[in-house]
Amino acid sequence: MNPSPLIGKNFLSLHDFSAAEIDFLLALSAALKKKKIAQEKGNLLAGKSIALLFEKDSTRTRSAFEVAVFDEGGQACYLSDSHFGTKESVEDTAKVLGRFYHGIAFRGFKQATVEILGKYAGVPVWNALTDEFHPTQVLADFLTIQEHVCKPLAAVKLVYVGDIRNNVGKSLMVGAAKMGMHFVGLGPRELQVNQHFIQKIKELSTLNNAKIELLTEIGPAVLNADVIYTDIWASMGEEDELAHRIKILLPYQVTQKMMALTANKNTLFMHCLPAFHDIHTSFGKKIFDKYGLKFMEVSDEVFRNSVSRVFDQAENRLHTIKAIMVATMSTKEIILS
Ligand code: CP
Ligand code: NVA
């Protein structure tokens, strides 16, 4: 296939991609994964330089961009101490970086920032997480589901438990609505998505034959789930909310008891990570000292269970981010096999 149908396109939210385009990115990810496993060195991004402009911490996403571009012959530059946002505007930074680099990944707070970068850079801009959306995560999640649930995505019931209105919850909802899935957002009413977003999701799900439900009661929500997915209770930048979140999210902890309520012994457990499943971190210890909790959103038992696919998801960040870069930036022939 030459050139990629997505060449030159930004990757800011899954709203901008059709089901066929998401399918293409998933197929390309699977092909690139095979190539990596076969230890074939690639050159699809030879001569390409990318900038990683990160305002927030990252383990997986940063590593995925850096290793992926290297695997295909390009190079990455991590910018955490530029003039961006202090002495230089988003627009000017976009114009400068666009003259140096062939693509820019941005992780930060406002979705508007990544959109301004995308508008002015003149090269593909990829959303590596904002407060609003985390679209590269969803591609990795869908690849993981395709690998471990023996059903087409359109037949999968995915239950996302906890802070439904966060970047991961909302991105999964858009992805599910695009791919015709059965998505359940399970959590307290207070953390539901807003009406404007719900309206958009309704339109998408009608178009793509998806079923999207927002529920508060655990039993009916998780019954027959193929996947139970959760995320941390206070996202980066929301740490002050933690005490209140603990209060309202405690009934929604993913435990063996919740997994059993699915009545499906093959239900997978998924999490974008990092996860608070034990107290072997300084943060985990603080939570234990202050609230007496040994875990938050998921028990250590579920996290370490054989149905837990969290490290497969983490690995798939590499293959899917590589696919996004190749699809939007490479002018070389792409072979999907
Ligand atoms: N899941 C995810 O985005 O992880 P990082 O914050 O480590 O990049
Ligand atoms: N919702 C989380 C995702 C981390 C990958 C956050 O934004 O902190």
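Residues numbered from 1 in each chain as written. Chains lettered and ligands numbered in written order. Predicted model: local features only at pLDDT ≥ 70, side-chain atom pairs only at ≥ 80, totals over all residues. Heavy atoms only, no water.

**Quick notes on the layout of surface pockets**
Considered as a void within the structure, the largest pocket measures approximately 600 Å³ in volume. Lining the largest pocket are 30 residues, with Asp-57, Ile-232, Ser-235, Met-236 and Pro-274 positioned closest to its centre. Only helix 2 (60-71) and helix 6 (167-179) provide two or more residues apiece to the lining of the largest pocket. (1 Å grid on protein atoms, 1.4 Å probe; cavity = no way out; pocket = protein on both sides within 12 Å on 5 of 7 lines; lining within 4 Å. Points joined across faces, edges and corners; volume = space filled by probe spheres on them. Helix = DSSP H or I, 4+ residues; strand = E, 2+ residues; numbered from the N terminus.)

**Observations regarding the site of ligand 1**
Within the structure, ligand 1 sits among Ser-58, Thr-59, Arg-60, Thr-61, Arg-107, His-134, Gln-137, Cys-272, Leu-273 and Arg-317. The side chain of Arg-60 places a nitrogen or oxygen atom 2.8 Å from an oxygen atom of ligand 1. The separation between a nitrogen atom of ligand 1 and a polar main-chain atom of Cys-272 is 2.9 Å. Relative to its free-state accessible area of 250 Å², ligand 1 is covered by the protein chains to the extent of 95%. The cavity that encloses ligand 1 is the largest pocket. (Near = heavy atom within 4 Å. Polar contact = N/O pair within 3.5 Å; in protein donor to acceptor, adjacent residues only side chain to side chain. Areas by Shrake-Rupley, 256 points an atom, 1.4 Å probe, with all protein chains shown as cover. Sits in = over half its atoms within 2 Å of the grid points.)

**So, the site of ligand 2**
Taken together, the neighbourhood of ligand 2 is formed by Leu-129, Asn-166, Asn-167, Val-168, Asp-231, Ile-232, Ser-235, Met-236 and Leu-273. In the model, a nitrogen atom of ligand 2 is placed 2.7 Å from a nitrogen or oxygen of the Ser-235 side chain. Protein contact buries 96% of the 270 Å² of open area that ligand 2 shows by itself. The cavity where ligand 2 resides is the largest pocket.

**Comments concerning the pairing of strand 6 (residues 182-186)**
Among the five residues in strand 6, five count as buried, and that is most of the element. Covered by surrounding structure in strand 6 are His-182, Val-184 and Leu-186 together with Phe-183 and Gly-185, the residues of both alternating faces. The sheet contact formed by strand 5 (residues 157-161) and strand 6 spans five bridges and is parallel. Bridge assignment links Leu-158 to a residue of strand 6, and that residue is Phe-183. You can see the chain leave strand 5, run along helix 6 and come back into strand 6, and the turn it takes is right-handed. Across five bridges, the pairing between strand 6 and strand 7 (residues 211-215) is parallel. Bridge pairing links Gly-185 to Leu-214 in strand 7. Handedness of the crossover joining strand 6 and strand 7 through helix 7 (residues 195-208): right-handed. (Buried < 20%, exposed > 50% of the residue type's maximum accessible area, 1.4 Å probe, protein only. Pairing = 2+ DSSP bridges. Right-handed = clockwise from strand over helix to strand, strands pointing away.)

**Observations concerning the environment of Val-326**
Locating Val-326 in the fold gives a position in helix 13 (residues 310-329). When its relative accessible area of 0% is taken as the criterion, Val-326 is described as buried. Taking the C-alpha atoms as reference points, Val-326 and Gly-74, 252 residues apart in sequence, are found 11 Å from one another. Beyond its immediate sequence surroundings of up to four residues, Val-326 is in contact with Leu-28, Leu-32, Leu-44, Leu-45, Glu-72 and Ile-334. (Contact = heavy atoms within 4.5 Å.)

**Let's talk about helix 5 (residues 135-148)**
Over its 14 residues, helix 5 extends 20 Å from the first C-alpha to the last, a length consistent with the 20 Å expected when each residue adds 1.5 Å. With respect to burial, helix 5 is a largely interior element, 11 of its 14 residues being buried. Residues of helix 5 that are buried: Pro-135, Thr-136, Gln-137, Val-138, Leu-139, Ala-140, Asp-141, Phe-142, Leu-143, Thr-144 and Ile-145. (Expected span 1.5 Å × (residues − 1).)

**Things to note about empty space enclosed by the protein**
Overall, the coordinates contain one cavity of 30 Å³ or more when judged by the stated rule. For the largest cavity, the calculated volume is near 50 Å³. In terms of lining, the largest cavity is formed by Phe-276, Asp-278, Ile-279, Phe-283, Gly-284, Ile-287, Leu-293, Lys-294, Phe-295 and Met-296. By residue class, the composition of the lining of the largest cavity is seven nonpolar, one polar and two charged. (Nonpolar A, V, L, I, M, F, W, Y, C, P; charged D, E, K, R; others polar.)

**As for the environment of Leu-32**
Of note, Leu-32 is situated in helix 1 (residues 19-37). Here the alpha-carbon distance between Leu-32 and Asp-71, two residues 39 residues apart in the chain, equals 10.0 Å. Ignoring any residue separated from it by four or fewer positions in sequence, one finds Leu-32 in contact with Leu-44, Glu-72, His-319, Lys-322, Ala-323 and Val-326.

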